[in-house]
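Breakdown of the fold
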Amino acid sequence: MSSGSGTVGDVGARDWIRAALAMFAVGWGANQFAPLLSVYQTELGLGQGEVTGMFAVYIVGLIPALVLAGRWSDAHGRRVLMRPVLVLSLAATVIMLLGPADPVWLYLGRFLAGVASGAAFGPGGAWIKELSAGAAPGAGARRAAVAVSGGFGLSALVAGIVGQFLPAPVFTPYGPHLVLGAVAVVVGWNAPDPYRPRPDAARASLLPPSARTRRFVLGVAPWAALVFGCASMSFVVLAGLVGGDAAGMPVAYAGVLAGITLGTGVLVQSGARRLASAAAPWRVPVAGLVAAALGMAAGAGLVAAEDLPLRALAMLPVAVLLGAGYGTLLVGGLVEVELQAGPADHAGLVAVFYALAYVGMATPYAIAEVSRLGGPVPWILGIAAACLALVPLTVSQLRDPRTGTSRLPGVA
């Protein structure tokens, strides 16, 4: 096979797995840092604001890469973009290994991991969908969501366990990604690319037409940040606030919470997909918003109950709730992308949705900053209330299929 884009006839029934492995590896590299925040506080003497800032700088690289890579991929293809992205993901991990010498390397590594993720998730999701052309409707979106969530969840779980129990916790947690990333480069390098590039897409607007409809702007965009807001609230914010009760194992505890949160997110996606229907697509995001509200409220209650016995253990079902919110909202957003986007702007709309969703990864940094004004509990409860307030807006915008074609006044 040539190094350019393949044809539809080149695609085998299992070739989507090769693209999914690439997405899985990039997702692994993106989230292996999450349970290590307390390690860097202890080993390098960094403050809470510094480590949450390192966690959040990821989205500074991610969001512009998401928007630009989606359009570039529509113009040039999927695989030609994913090849350097896989290499960049590995390079980001190598750079973070230099963190003990100077924390600036951690900021740079996290930033580059964000760039790699941003460049991968839109085009990579579209690549999996296109390689799943012969599968059941919606299989491509589900496979892409599972690949990203699986990489996120397993990386944090493994990094937390390795960082807690193996020596050199600022180095050894990154070893698994170096191996996995190398395997993904080999397996994915020549995977088929059935997409036919559209050179005119390079001149298209950064914001695809489907992202400017009333249905997307009012029905999806307001809650999109809660996708990763739920996830990071669980295994960064709440893990940090109650992890001191975790039998002296805060790193492993953060990893376990990440595994439960993101593992739940993967498990609920199949059910969330079945819940979706053309007649009532609003049911999926509404279920996610309710789960998010319950998880946030319960988490705030545990943070407030400082003397509660087994408080760290009581956090586990809260992680399940927040994981359900994360996974259900992710599927709800990707289902709406499938409903609203055409072949010409699918990758672009996936990129816009992920850009909005990843804003939620700034939640730990935001909570750390606003907590100086009276503690974290009122702010977490405020997010829970916002989740419930978004339910009627979401239902009103998504219950009528005709809202997909109307534009908001003033939205170009």
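Reading the values: the criteria
Within each chain, residues carry numbers counting from 1 in the order of the written sequence. Given that this is a predicted model, residues contribute local features only at a pLDDT of at least 70 and side-chain atom pairs are listed and counted only at 80 or more, while totals for whole chains, interfaces and linings are drawn from all residues. Here the side-chain values reflect all heavy atoms present in the structure, with hydrogen atoms and water set aside. Only DSSP runs of H or I covering at least 4 residues are called helices, and only runs of E covering at least 2 are called strands; the numbering of each starts at the N terminus. Restricting the calculation to C-alpha atoms gives the radius of gyration, and the globule rule supplies 2.2 Å times the number of residues raised to the power 0.38. Relative accessible area decides the class of each residue, using a 1.4 Å probe on protein chains only: under 20% of the type maximum gives buried, over 50% gives exposed, and in between gives partly exposed. When checking whether two residues touch, look at their non-hydrogen atoms; a contact exists if any pair is within 4.5 Å. Per-residue and other accessible areas follow the Shrake-Rupley method at a 1.4 Å probe size, with only the shown protein chains counted as cover for residues. When charges are counted, neither His nor the chain ends are considered; positive counts come from Lys and Arg and negative counts from Asp and Glu. For this purpose, a charge sits on NZ of Lys, CZ of Arg, CG of Asp or CD of Glu. In what follows, salt bridge is the name for a side-chain nitrogen of Lys or Arg lying within 4 Å of a carboxyl oxygen of Asp or Glu. Helix axes are fitted only over the stretch in contact, all axes being lines through C-alpha atoms; the angle between N-to-C directions runs from 0 to 180 degrees. Each angle receives one of four descriptions, namely roughly parallel if under 35 degrees, roughly antiparallel if over 145, roughly perpendicular if within 65 to 115, and oblique otherwise. By definition, any crossing whose near helix is turned counterclockwise from its far helix by less than a right angle is left-handed, and any crossing with a clockwise turn is right-handed. For our purposes a nonpolar core is just a set of buried Ala, Val, Leu, Ile, Met, Phe, Trp, Tyr and Cys residues, chained together by side-chain atoms within 4.5 Å. Patches in this entry comprise residues that are over 30% relatively accessible and not in a salt bridge; like charges within 9 Å are linked, as are nonpolar side chains (Val, Leu, Ile, Met, Phe, Trp, Tyr) within 5 Å. Between the rings of Phe, Tyr and Trp (Trp by its six-membered ring), a pair exists once the centres lie within 6.5 Å; its type follows the angle of the planes, with under 30 degrees stacked, over 60 edge-to-face, and the other angles tilted. Per-residue confidence from the prediction method is given by pLDDT, with values spanning 0 to 100. For this classification, the nonpolar set comprises Ala, Val, Leu, Ile, Met, Phe, Trp, Tyr, Cys and Pro, the charged set comprises Asp, Glu, Lys and Arg, and every other residue, Gly included, is treated as polar.

1. What to know about the overall build of the protein chain
Assigned secondary structure in the protein chain consists of 16 helices and zero strands. For 412 residues, the compact-globule formula gives about 22 Å, and the C-alpha radius of gyration of the protein chain, at 20 Å, lands near that figure. Per-residue burial over the protein chain gives 55% buried out of 412 residues. Considering only intrachain contacts with a sequence separation of at least 6, the fraction spanning at least 24 residues in the protein chain is 85%. Counting only carbon and sulfur atoms, one obtains 69% of the accessible surface of the protein chain, whose full area is about 15100 Å². Charge centroids of the protein chain, computed over 24 positive and 17 negative side chains, lie 12 Å from each other.

2. Topic: the pattern of salt bridges
Per the stated rule, a full pass over the model turns up five salt bridges. One salt-bridge network, in which partners are shared between bridges, spans Asp74, Arg78 and Glu130.

3. Observations concerning the packing of helix α10 (residues 226-242) against helix α11 (residues 250-275)
Following both chains from N to C, one finds α10 and α11 inclined at 155 degrees, their axes separated by 9 Å at the closest point. Our classification of the angle between α10 and α11 gives roughly antiparallel. Handedness of the α10/α11 crossing: right-handed. Residue-level inspection shows Ala231, Ser234, Phe235, Ala239 and Val242 of α10 in contact with α11, the latter providing Tyr253, Ala254, Leu257, Ala258, Thr261 and Leu262.

4. Remarks on the nonpolar core
Ranked by internal contacts, the top residues of the largest apolar core, which has 116 residues, are Tyr58, Phe121, Phe152, Phe353, Tyr354 and Tyr358. In terms of residue count, α10 provides more of this core than any other element does, twelve residues in total. Ranked by size, the runner-up nonpolar core spans five residues in total, among them Ala276, Val284, Val331 and Val335.

5. Digging into a nonpolar patch on the surface
Nonpolar side chains collect at one region of the surface, where Val60, Leu98, Val104, Trp105, Leu108 and Phe111 lie side by side and expose about 480 Å² of accessible area between them. Ranked by residue count, the leading element in the nonpolar patch is helix α5 (residues 104-131), at four residues. Topologically, valine 104 is positioned in helix α5. For valine 104, a relative accessible area of 46% translates into the label partly exposed.

6. Notes on the packing of aromatic side chains
This model, assessed by the stated rule, comprises 13 aromatic pairs. Plain terms: the ring middles of phenylalanine 152 and phenylalanine 228 are 5.6 Å apart, the flat faces sit at 40 degrees to each other, and that makes the pair tilted. Remark: phenylalanine 228 occurs in helix α10 and phenylalanine 152 occurs in helix α6 (residues 139-165); sequence separation between them is 76 residues. The residues phenylalanine 152 and phenylalanine 228 share a single accessibility class, namely buried.

7. Some details on unusual backbone geometry
Although it is not a glycine, alanine 168 adopts a positive phi angle of roughly 50 degrees. Note on alanine 168: relative accessible area 36%, which makes it partly exposed. Its identity is not glycine, yet leucine 310 carries a phi of approximately 55 degrees, on the positive side.

8. What about the confidence of the model for the protein chain?
In low-pLDDT regions, the fine details of the predicted coordinates are not to be read closely. When pLDDT is averaged along the protein chain, the result is 86, and 92% of the positions lie at 70 or above. Under a pLDDT of 50 for its full length, residues 1-9 has, in the predicted model, 19 contacts with residues more than four places off or in other chains. Ignoring residues within four places in sequence, the model shows residues 405-412, a span with pLDDT below 50, making 13 contacts including any to other chains.

9. Digging into the environment of valine 67
By the secondary structure assignment, valine 67 is in helix α3 (residues 48-76). Taking relative accessible area as the criterion, valine 67 reaches 23% and is therefore assigned partly exposed. Separated by 283 residues in sequence, valine 67 and valine 350 have C-alpha atoms that sit 9.2 Å apart. Beyond its immediate chain neighbours, meaning those up to four positions away, valine 67 contacts Leu206, Ala351 and Ala355.

10. Here we look at the packing of helix α1 (residues 15-31) against helix α4 (residues 79-96)
For the pair α1 and α4, interaxial distance at closest approach is 10 Å and the crossing angle is 30 degrees. Here α1 lies roughly parallel to α4, going by the angle between them. The way α1 lies across α4 gives a crossing that is left-handed. Where α1 abuts α4, its residues Ala22, Ala25, Val26 and Gly29 lie against Met82, Val85, Leu86 and Ser89. Grouping the constituent residues of the contact of α1 with α4 by class yields six nonpolar, two polar and no charged.

11. A few points about the environment of leucine 262
By secondary structure assignment, the location of leucine 262 is in helix α11. Distance in space between the C-alpha atoms of leucine 262 and phenylalanine 228 is 10.0 Å, their sequence separation being 34 residues. Look past the residues within four positions of leucine 262 in its chain and what remains in contact with it is Asn31, Ser149, Phe152, Gly153, Ala231, Phe235 and Tyr326.

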